[in-house]
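Okay, here's what each chain looks like letter by letter:
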Amino acid sequence: MAKFLVETYYTCSFKVSHYLDDIGEENIRNIEKREDGKFEILDVKLDNRKTKNLEKIEKNKINIVNEEISKPEQKNKPKINHEVISQNIKDNSRRFSMPDRRKGYIQKASIGDHKVYLHTGEYEDGKIGEIFIDTSKEGELVKATMNNFAIAVSLGLQYGVPLDEFVNAFVDTKFEPSGKVFGNDRILSATSILDYIFRELAISYLNREDLAHTPPIGGSDLIDETSSDENNEDKTQFLKLVKDITSKGFVRSNYKKKFVDLSDIRINLKGKK
């Protein structure tokens with residue numbers, strides 16, 4: 001014989017009447033705590049009724065237990081370490097502040113009749129960490145908006161947002177001023193100030209030659225395969241020195257090609273014996 005459990009839900013309205021021998025503020029204040037009142041039911045409504053088959057519930061519990069027993073390999077399943085996950089989240093939310101003395105470069109360009117000055121700041125390893133944007137012939141609202149936009153991008157870079165994300169988001173945005181670009185050797189036109197800025201950053205820091213309008217200026221390589229090993233070692237050490245003191249964005253990561261301009265300078269890197 002099957003077992004069923006019937007659950008019925010009602011809504012009951014009633015009133016309680018209290019008779020007080022002494023009417024005072026304290027008695028009225030504590031009237032809800034008294035249990036000597038007279039209850040009178042006003043209305044009773046049937047809200048809902050549910051019927052449960054207890055045999056099905058018991059069978060489902062037994063099946064679940066049997067499935068767990070039949071899969072012993074799940075007992076060895078590694079547990080999720082919530083402490084490690086929370087620690088990783090904290091690490092990703094850490095801000096890497098810029099050094100007090102930093103490298104970078106300034107690029108001046110004109111889009112139409114509007115001059116744009118792009119300032120960059122770099123970490124010790126040459127990775128970009130901040131930008132500043134100055135414009136001319138613009139109102140205070142536009143200047144303040146561009147300055148705060150640069151602060152927002154800088155904070156994103158310092159919190160670990162890749163520069164690629166900003167480039168993909170803002171390249172090809174269209175608004176005035178736009179048109180021909182003067183003063184930049186790699187960008188000839190831009191659809192907006194943001195399009196120009198992130199094209200410049202992508203070319204300088206990400207080697208995105210697909211966003212440039214002119215080919216890079218070539219140069220001979222530093223190290224000649226036919227030269228002596230000692231000479232190659234000196235040039236390699238000198239190249240490392242140049243990387244440490246030169247802005248990556250300024251030379252657009254082409255240290256060897258830019259080093260041609262310093263070919264007449266000789267520095268003895270060997271210490272005194």
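Residue positions are given per chain, counting from 1 as you read along its sequence in written order. Owing to the predicted nature of the model, reporting of local features is limited to residues with pLDDT of at least 70; listing and counting of side-chain atom pairs is limited to 80 or more, with chain, interface and lining totals taken over all residues. As a convention, hydrogens and water are excluded, and side-chain values are obtained from all of the structure's heavy atoms.

Draft legend 1. Structural detail: unusual backbone geometry. For the bond running from Glu-176 to Pro-177, omega is 0°, close enough to zero to count as cis. Helix and strand assignments follow DSSP, with helices taken as H or I runs no shorter than four residues and strands as E runs no shorter than two, numbered in order from the N terminus. You can see Pro-177 is positioned in the loop between helix H5 (163-170) and strand S6 (179-182). Here the phi dihedral of Asp-172 falls at roughly 75°; this positive angle occurs in a residue that is not glycine. On the secondary structure map, Asp-172 appears in the loop between H5 and S6.

Draft legend 2. Local environment of helix H4 (residues 140-158). In this scheme, a helix's expected span is set at 1.5 Å multiplied by one less than its residue total. The first and last C-alpha atoms of H4 sit 27 Å apart over 19 residues, in line with the 27 Å expected at 1.5 Å per residue. Met-146, Phe-149, Ala-150, Val-153, Ser-154, Gly-156, Leu-157 and Gln-158 are the residues of H4 that are buried. A contact between two residues is defined here by any heavy atoms of the two lying within 4.5 Å. Against strand S5 (128-135), H5 and helix H6 (193-206) lie the buried residues of H4. Where H4 terminates, the next one or two residues include Gly-160, which has phi positive at roughly 100°. Only protein chains enter the accessibility calculation, which uses a 1.4 Å probe. A residue is then buried if its area is under 20% of the maximum for its type, exposed if over 50%, and partly exposed in between.

Draft legend 3. Focus on the confidence of the model for the protein. Scored between 0 and 100, pLDDT is the confidence that the predictor attaches to each residue. Here the protein averages 76 in pLDDT, and 67% of its residues register 70 or above. Predicted confidence for residues 219-227 stays below pLDDT 50, and this span has eleven contacts to residues more than four positions away or in other chains.

Draft legend 4. Seen up close, the pairing of strand S4 (residues 114-122). Sheet analysis places strand S3 (residues 106-111) next to S4, joined by six bridges and oriented antiparallel. Its bridge partner lying in S4, Ala-109 is registered against Val-116. Pairing between strands is defined by DSSP: at least two bridges between them are needed. With antiparallel pairing between neighbouring strands as the criterion, S3 and S4 make up a hairpin whose turn holds two residues, including Gly-112 at a positive phi of roughly 70°. Pairing of S4 with S5 involves seven bridges; the strand directions are antiparallel. Across the sheet, the residue bridging to Leu-118 is Ile-133, located in S5. Taking the residues that link successive antiparallel strands as the turn, the S4-S5 hairpin has five residues, and the phi of Gly-126 there is positive, at about 95°.

Draft legend 5. View of the packing of H5 against H6. In this description, a line fitted to the C-alpha atoms serves as the axis of each element, helices being fitted only across the stretch in contact, and the angle between N-to-C directions of two axes falls anywhere from 0 to 180 degrees. Axis separation between H5 and H6 bottoms out at 9 Å; the angle between their running directions is 145°. Seen along the crossing, H5 lies across H6 with a hand that is left-handed. Of the residues in H6, those in contact with Leu-163, Asp-164, Phe-166, Val-167 and Phe-170 of H5 are Leu-194, Asp-195, Phe-198, Leu-201, Ala-202, Tyr-205 and Leu-206. When grouped by side-chain class, the residues that make up the contact of H5 with H6 number ten nonpolar, no polar and two charged. Working rule for handedness: look at the near helix, and if it is turned counterclockwise from the far one by less than a right angle, call the crossing left-handed; if clockwise, right-handed. Asp, Glu, Lys and Arg are counted as charged, while Ala, Val, Leu, Ile, Met, Phe, Trp, Tyr, Cys and Pro are counted as nonpolar; the rest, among them Gly, fall into the polar class.

Draft legend 6. A nonpolar patch on the surface, seen in detail. Only residues whose relative accessible area exceeds 30% and that form no salt bridge are eligible for patches; like-charged ones are grouped when within 9 Å, while nonpolar side chains (Val, Leu, Ile, Met, Phe, Trp, Tyr) are grouped when within 5 Å. The Shrake-Rupley method, run with a 1.4 Å probe sphere, supplies the accessible areas, and residue values consider only the shown protein chains as cover. Put simply, a salt bridge is a Lys or Arg side-chain nitrogen that is within 4 Å of an Asp or Glu carboxyl oxygen. A surface patch of nonpolar side chains, about 740 Å² in accessible area, is lined by Tyr-10, Phe-14, Val-16, Phe-39, Ile-41, Val-44 and Leu-46. Of all the elements in the fold, those that place two or more residues in the nonpolar patch are strand S1 (4-17) and strand S2 (38-53). Considering each element in turn, the nonpolar patch owes the most residues, four residues, to S2. Considering the arrangement of structural elements, one finds Leu-46 in strand S2. Take Leu-46: its relative accessible area is 48%, and that puts it in the partly exposed class.

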